[in-house]
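Given next are the chains, with one letter for each unit.
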Amino acid sequence: MSPSIDYEAPTPPYQQIAAEIIRDIESGTLAVDRPIPSESSLIQRWGVARDTARRAVRHLREFGYVYTVPQRGTYVRDRSGEDERQDAQ
C-alpha cells in the first residue's frame, strides 16, 4: 500500500512526508548513516512534485534528522547524543 497525502489536513504535504520519514528513523527502519529515499523515490512513492520532495528533505535537514553529501545522497544523522548535548547547555 502506497502512502497518501491528506490535502485537507492543516499540515502541508512536505511536512507529512517528513513526518513519515522521521517515524522510519525513530523506529530504526532507516538506520544511522544509511541513505533515506531519493527525491525521485519520494516523488514516485507519494505522487508529489519535485519541489515538495525537496522541501521535505530540507525540513528533515533543518531539524537535524539527516545530512546531505553532495553528489552522493542524504543520510540519517546520529541523534543519540542530542539529549546529552542539550542538557549540558
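Everything numeric here is computed off the predicted structure, so don't read it as measured data. (Residues numbered from 1 in each chain as written. Predicted model: local features only at pLDDT ≥ 70, side-chain atom pairs only at ≥ 80, totals over all residues. Heavy atoms only, no water.)

**Brief notes about the overall build of the protein chain**
Across its full length, the protein chain carries 4 helices and 2 strands. Mapped from its N terminus to its C terminus, the protein chain presents α and β elements in the order α-α-α-β-β-α. A burial count over the protein chain gives 30% of its 89 residues as buried. Restricting to contacts in the protein chain with at least 6 residues of sequence separation, those with at least 24 account for 52%. Total accessible area on the protein chain is roughly 6200 Å²; 45% of this is exposed by carbon and sulfur atoms. (Helix = DSSP H or I, 4+ residues; strand = E, 2+ residues; numbered from the N terminus. Buried < 20%, exposed > 50% of the residue type's maximum accessible area, 1.4 Å probe, protein only. Contact = heavy atoms within 4.5 Å. Areas by Shrake-Rupley, 256 points an atom, 1.4 Å probe, with all protein chains shown as cover.)

**A short note on the layout of surface pockets**
Of the voids in this model, the largest pocket is the one considered here, and its volume is about 150 Å³. Pro 35, Ile 36, Pro 37, Ser 38, Glu 39, Arg 54, Val 57, Arg 58, Arg 61, Thr 68, Gly 73 and Thr 74 together form the lining of the largest pocket. For the lining of the largest pocket, the secondary-structure elements that each account for two or more residues are α3 (50-62) and β2 (73-76). Looking at which element gives the most residues to the lining of the largest pocket, the answer is α3, with 4 residues. (1 Å grid on protein atoms, 1.4 Å probe; cavity = no way out; pocket = protein on both sides within 12 Å on 5 of 7 lines; lining within 4 Å. Points joined across faces, edges and corners; volume = space filled by probe spheres on them.)

**Structural notes on the nonpolar core**
Of all hydrophobic cores here, the largest spans 19 residues; its most connected members are Ile 17, Ile 21, Ile 25, Ile 36, Leu 42 and Leu 60. Of all the secondary-structure elements, those providing two or more residues to this core are α1 (13-27), α2 (39-46) and α3. Not counting residues within four places of it along the chain, the set of residues in contact with Leu 60 comprises Ala 18, Ile 21, Ile 22, Ile 36, Tyr 65 and Val 66. (Core = buried A, V, L, I, M, F, W, Y, C linked by side-chain atoms within 4.5 Å.)

Taken by themselves, the reported measurements are silent on function.
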